[in-house]
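Here is how the chains run, residue by residue.
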Amino acid sequence: MLTRIIITILIFALWTGCTTKEHLFFKNVPIDGRSDKFARELTKLGFILSDSTKKNEIILSGNFMSKDCKIHVFGTSSNLLVYKIIVSFPEEVRDSVQSDFGKMQKLYTLKYGAGYSKFQQYKKRERLVYKIPAREIMVGDYTTYFTDLGDIIVEVQDGYISITYLDKLNYELWKREFEQKQKPNGKKTE
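From a predicted model like this one, the values you see are computed outputs, not experimental measurements.

Reading guide: rules and limits
- Residues numbered from 1 in each chain as written.
- Predicted model: local features only at pLDDT ≥ 70, side-chain atom pairs only at ≥ 80, totals over all residues.
- Heavy atoms only, no water.
- Salt bridge = Lys/Arg side-chain N within 4 Å of Asp/Glu carboxyl O.
- Helix = DSSP H or I, 4+ residues; strand = E, 2+ residues; numbered from the N terminus.
- Buried < 20%, exposed > 50% of the residue type's maximum accessible area, 1.4 Å probe, protein only.
- Pairing = 2+ DSSP bridges.
- Axes fitted to C-alpha atoms, helices over the stretch in contact; angles between N-to-C directions.
- Contact = heavy atoms within 4.5 Å.
- Phe/Tyr/Trp six-rings, centres within 6.5 Å; stacked < 30°, edge-to-face > 60°.
- Core = buried A, V, L, I, M, F, W, Y, C linked by side-chain atoms within 4.5 Å.

### Focus on the pattern of salt bridges
It is possible for side chains of opposite charge to pair when their charged atoms get near one another.
In step 1: Evaluation of the coordinates by the stated rule reveals five salt bridges.
In step 2: The shortest N-O distance in the salt bridge between Glu 92 and Lys 67 comes to 2.6 Å. Taken together, the residues span a long stretch of sequence, with Glu 92 in the loop between β6 (82-88) and α3 (94-112) and Lys 67 in strand β5 (residues 67-75) at a distance of 25 residues.
In step 3: Assessed through its relative accessible area of 27%, Glu 92 is described here as partly exposed.
In step 4: The salt bridge partner of Lys 67 is Asp 100, with a shortest N-O separation of 2.9 Å. Here Lys 67 is found in strand β5, whereas its partner Asp 100 is found in helix α3, with 33 residues between them in sequence.
In step 5: Among the residues examined, Asp 100 registers a relative accessible area of 11% and is labelled buried.
In step 6: Taken together, the salt bridges that share partners define one network made up of Lys 67, Glu 92 and Asp 100.

Here you go:
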């Protein structure tokens, strides 16, 4: 009898452990649940709600990596599940953007491992930095860090850097919703 109870408990624990879905984290908050609930959790961490009038998007502002940033929280259209976070850093001069991009790449590489980088055509600088020719970063240069829970993209924008957190599970829900909207009359196309 005791053996049956133990086996039943083990099977239940294994089953619930296997069905638990993990999500990517932003500031130690899982990217899951309704976008308004997620935004409330961020306000508890000191972020300030800036704009929530846009459909499926909430904008907050606050300190991230020691800089005043804007945080864009995106939700799916039907049930407003948060699936994407975009952190927009303040605008800076080109050298600061280049320096910060390198620092962020190193930081995220330490945390998530080597990322996949895509760079535009480099322009060589005329000066040498530590006897190594330096390269100029361009708008659109990015590094993506792939994890089992989602992707993180550090990207150079026009005068600033953005970091996108894309939760794998909720992004799949968003893609399905988007595909359903694209189909005529909601009917399956084959």
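Now, onward.
### Some remarks on the sheet that holds strand β11 (residues 150-156)
In step 1: If you walk across this open sheet you meet the eight strands as β3-β4-β5-β6-β12-β11-β10-β7, and the pairing is antiparallel. With partners counted over all chains shown, the strands left at the sheet margins are β3 (48-51) and β7 (116-118), one partner each. If you compare each strand with its neighbour and ignore which way they point, the axes differ by 20° on average.
In step 2: Pairing of β7 with strand β10 (residues 142-146) involves three bridges; the strand directions are antiparallel. Directly across from Lys 118, in β10, lies its bridge partner Tyr 142.
In step 3: Sheet contacts for helix α2 (residues 35-44): β3, β4 (57-64), β5 and β6; angle to β4, the most-contacted strand, approximately 20°.

### Remarks on the packing of aromatic side chains
In step 1: For the coordinates displayed, the defined rule picks out 10 aromatic pairs.
In step 2: Ring plane angle 20° and centroid distance 5.3 Å describe the contact between Phe 26 and Phe 64, whose orientation is recorded as stacked. Of this pair, Phe 26 sits in strand β1 (residues 25-26) while Phe 64 sits in strand β4, and the two are 38 residues apart along the sequence.
In step 3: Phe 64 gets classed as buried once you look at its relative accessible area, which sits at 6%.

### So, the nonpolar core
In step 1: Phe 26, Ile 71, Ile 85, Val 87, Ile 163 and Tyr 165 are the most contacted members of the largest nonpolar core, which totals 30 residues.
In step 2: Elements with a contribution of two residues or more to this core: α2, β4, β5, β6, α3, β11 and β12 (161-167).
In step 3: Broken down by element, this core gets its largest block of residues, four residues, from α3.
In step 4: Look past the residues within four positions of Ile 85 in its chain and what remains in contact with it is Phe 26, Ile 31, Phe 38, Ile 71, His 72, Val 73, Ile 163, Thr 164 and Tyr 165.

### Concerning unusual backbone geometry
In step 1: Here the phi dihedral of Ser 66 falls at roughly 65°; this positive angle occurs in a residue that is not glycine.
In step 2: Looking at the secondary structure, you find Ser 66 in the loop between β4 and β5.
In step 3: The backbone of Leu 80 shows a phi angle near 55°, a positive value even though the residue is not glycine.
In step 4: Structurally, the position occupied by Leu 80 is in the loop between β5 and β6.
In step 5: The class for Leu 80 is partly exposed, based on a relative accessible area of 24%.

### Remarks on the pairing of β5
In step 1: Pairing between β4 and β5: eight bridges, direction antiparallel. Paired with Ile 59 across the strands is His 72, a residue of β5.
In step 2: Counting the residues in the hairpin turn of β4 and β5 gives two residues, including Met 65, whose phi is positive at 55°.
In step 3: In this antiparallel pair of consecutive strands, β5 and β6, the connection spans six residues, and Leu 80 shows a positive phi of 55°.

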